[in-house]
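Single-letter residue listing:
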Amino acid sequence: MIFIKLFENGLFILFFYLNLQRYTPALLTTKKALPFVIAFLVGFFICLLVPDFLLRSFVFNGQGFIPKPPANFRGVPPPPPPSFFIPIPRIIATFLSFSFVSLVSSMLALVRDRLHEQEEKQQIQLEKVAAELAVLKLQISPHFLFNTLNNLRWLTRQKSDKAEEIVVKLSQLLRYMIYEANAEKVPLIKEINHLEHYIDLQKIRLTSKDEVLLIYEGEIDSLVIEPLLFIPFVENAFKYGLHSSHRSQIIFKIIVQNKKLNFRAENPIFDNNLPPEGQSGIGIQNVRQRLALHYPSTHDLQIKQENGIFKVSLHLVLQP
């Protein structure tokens, strides 16, 4: 009797794994209901009939079940006539047990497939974000390089002795952009040094009536940031905040406190330098997209004109 019970449990376990690995993934999740019902019924009848057949093939001899002897074997009463009737309670018990095994294995299979599907979607989303960021950085780098090379060309035409200095500065900028800015995050202090190099390049062609200030303070040595976020604002300040005959003051401030960064850029507005209405430049558009991707709920960017001053204010929450 124990052997038969173990065999019956073995059939349940076998169907459990078949349903978990084959039937539910291949039939139920693909909405093939009829083949799944057929597989269920076939498994149920196997679990019901095979143990019953084995049970009818053994008799109890007072100590345990033994194979039934031939009908003419002496000392053993003749076996009862064969019957194909299976007691209703046994059918119900087998059906409930088999249904429970099927339900549990199907639920596990569905949960596993759901988790796998979510992992695939997350992986696709991460790859999409990485691709978008790579494209945005590629858009920024040539634009920045183009402006810097224009400065070098201007100095070369003026035959300035500062041309060698700008080449050195340019090499430092390119080294940062090529070897360091490709990282997902860079130390904030390196990003500020990068701004200093760029501003130094711009100062070479300024006159005495122009003033450029870069002010930074706070926890700049212990935090990291997405690279090349500030450069478009700095570029725009120089592009639209300088005038050939009017005095100009351009101010950049970076204040960090309690892991919160506040970047401000201010430059005067000159009518002849204003961009076409409704156009903020590809650099600013890229920054908005990168902020949305990297700091979706931890940034606040405000750009406005006030009393003849173009103002940019960016608040970020950074991590060490």
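Let us look at the structure shown here. (Residues numbered from 1 in each chain as written. Predicted model: local features only at pLDDT ≥ 70, side-chain atom pairs only at ≥ 80, totals over all residues. Heavy atoms only, no water.)

On to the overall build of the protein chain, then. Along its length, the protein chain carries seven helices and nine strands. Here the protein chain holds 320 residues, and 34% of them are scored as buried. Relative to all contacts within the protein chain whose residues are 6 or more apart in sequence, the contacts with residues 24 or more apart total 73%. Surface exposure of the protein chain reaches about 19800 Å², of which carbon and sulfur atoms provide 61%. (Helix = DSSP H or I, 4+ residues; strand = E, 2+ residues; numbered from the N terminus. Buried < 20%, exposed > 50% of the residue type's maximum accessible area, 1.4 Å probe, protein only. Contact = heavy atoms within 4.5 Å. Areas by Shrake-Rupley, 256 points an atom, 1.4 Å probe, with all protein chains shown as cover.)

Another point: the sheet that holds strand E6 (residues 248-257). Overall, mixed pairing links the five strands, which are arranged E4-E6-E7-E9-E8 in an open sheet. The sheet is open, and its two borders are formed by strand E4 (210-218) and strand E8 (299-306), each paired with just one other strand. On average, adjacent strands in this sheet sit at an angle of 5° to one another, irrespective of strand direction. Relative to strand E7 (residues 260-268), E6 is paired through seven bridges, and the arrangement is antiparallel. What sits directly across from Ile 254, in E7, is Phe 263. Those strands touched by helix H5 (residues 188-203) are E4, E6 and E7, and its axis lies near 170° from that of E4. (Pairing = 2+ DSSP bridges. Axes fitted to C-alpha atoms, helices over the stretch in contact; angles between N-to-C directions.)

Here we come to helix H4 (residues 163-180). Its 18 residues give H4 an end-to-end C-alpha distance of 25 Å, which sits within 8% of 26 Å, the value for a rise of 1.5 Å per residue. Of the positions making up H4, those classed as buried are Ala 163, Ile 166, Lys 169, Leu 170, Leu 173, Tyr 176 and Met 177. Down the axis, H4 shows its buried residues gathered within 135° of arc, on one side only. In this structure, H4 carries Glu 164 and Tyr 179 as exposed residues pointing more than 90 degrees from its buried face. (Expected span 1.5 Å × (residues − 1). Arc of directions from axis to C-beta.)

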